[in-house]
Amino acid sequence: MNDKPTHFGFETVAEGDKARRVAGVFSSVAANYDVMNDLMSLGLHRLWKHFTIQVAGVRQGDRVLDVAGGTGDLSLAFAKKVGHQGTVWLTDINQAMLARGRDRMIDHGHALPVARCDAERLPFPAAHFDCVTVAFGLRNMTHKQEALKEMTRVLKPGGRLLVLEFSRVWAPLAPAYDFYSFKVLPWLGGKVARDADSYRYLAESIRMHPPQNELKTMMEDAGLVRVDYFNLTGGVVALHRGYRV
Ligand code: SAM
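Residues numbered from 1 in each chain as written. Predicted model: local features only at pLDDT ≥ 70, side-chain atom pairs only at ≥ 80, totals over all residues. Heavy atoms only, no water.

(A) Geometry of the sheet that holds strand 8 (residues 224–232). The seven strands lie next to each other as 5-4-3-6-7-9-8, forming an open sheet whose pairing is mixed. At either end of the open sheet lies a strand with only one pairing partner, and these are strand 5 (114–116) and strand 8. Strand-to-strand, the axes of this sheet are offset by a mean angle of 15 degrees, without reference to chain direction. With three bridges connecting them, strand 4 (residues 87–92) and strand 5 associate as parallel partners. Its bridge partner lying in strand 5, Thr91 is registered against Ala115. Packing of helix 9 (residues 212–221) onto the sheet brings it into contact with strand 7 (155–166), strand 8 and strand 9 (237–244), and relative to strand 8 it is tilted by some 155 degrees. (Pairing = 2+ DSSP bridges. Helix = DSSP H or I, 4+ residues; strand = E, 2+ residues; numbered from the N terminus. Axes fitted to C-alpha atoms, helices over the stretch in contact; angles between N-to-C directions. Contact = heavy atoms within 4.5 Å.)

Shown next, in the form of structure tokens:
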């Protein structure tokens, strides 16, 4: 096992242990994931995802890859855009999340291809996709730079990567946001999902994630160009976009 240190929320753990701990969190939250998303974000995650879909500019016939797609909110929206000529792959490392995503797609009449895979080792050929997205997934990955490189590798030249992730909030909002994330979220997780620890991890992992400009540089280092970002809800979330040359 790789024992280089890394972060799991505010804890320092061995790299080899992080993926196992993250898997534990998502296996535990999968059953309540969609309800908790609505509750915790007061429905705002729907607006953030809607904005992502607008910025993605996916068209009929496009090939789209949803990395760490979980229960499939983005995949479902993209499936409606690409039509019968296009393809949307729903992928995630976690079987419990992916199973819920696949069932939701079928319930909505979309039999999308689904693959369980690690974003750090994508089982797709180079230069294959018009658009790759990762929503609220990157901060859970052990080697973020590797994952960004992989997502860039599978993009066609001119294709774009969109990273939707929690980010650094506008300073005047920080005290209220800290109270909400460190007190209210774990309480809500305990009451509704009987799992305060996973929601404490959520709040901590957000604080450990690279802020807007640092993530922009990481995307450039992965080989993307014209990288820009949009702050949403005062920087609670940022949408980064970059293109493969
Ligand atoms: N994208 C969905 C959404 O926005 O609702 C799900 C986001 S959920 C907060 C984070 C997802 O990242 C989980 O389903 C988890 O299994 C997945 N994940 C974590 N590490 C991963 C990795 N290395 N490769 C692929 N998926 C990963």
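(B) A look at the environment of Cys117. Its place among the elements puts Cys117 in the loop between strand 5 and strand 6 (129–135). For Cys117, a relative accessible area of 10% translates into the label buried. Through-space distance from the C-alpha of Cys117 to that of Ser28 is 19 Å; in sequence the pair is 89 residues apart. For Cys117, the contacting residues outside a window of four places in its chain are Thr91, Asp92, Ile93, Leu122 and Pro123. (Buried < 20%, exposed > 50% of the residue type's maximum accessible area, 1.4 Å probe, protein only.)

(C) Summary view of the pairing of strand 7. Among the twelve residues of strand 7, nine are classified as buried, and the element is accordingly described as predominantly covered. Looking at chain direction, strand 6 and strand 7 are connected through six bridges and run parallel. Each bridged residue has a counterpart across the sheet, and for Val134 the counterpart in strand 7 is Val163. Pairing analysis gives seven bridges linking strand 7 to strand 9, with the strands arranged antiparallel. When the bridges of strand 9 are listed, Phe166 appears paired with Val237.

(D) Spotlight on the site of the ligand. Neighbouring residues of the ligand: 20 residues in total, closest Tyr33, Ala68, Asp92, Ala119 and Ala135. Between an oxygen atom of the ligand and a side-chain N or O atom of Tyr33, the distance comes to 2.9 Å. A distance of 2.9 Å separates a nitrogen atom of the ligand from a polar backbone atom of Ala119. Coverage of the ligand by the protein amounts to 96% of the 600 Å² it exposes when considered alone. When the residues that make up the shell around the ligand are grouped by side-chain class, the tally is eleven nonpolar, six polar and three charged. (Near = heavy atom within 4 Å. Polar contact = N/O pair within 3.5 Å; in protein donor to acceptor, adjacent residues only side chain to side chain. Areas by Shrake-Rupley, 256 points an atom, 1.4 Å probe, with all protein chains shown as cover. Nonpolar A, V, L, I, M, F, W, Y, C, P; charged D, E, K, R; others polar.)

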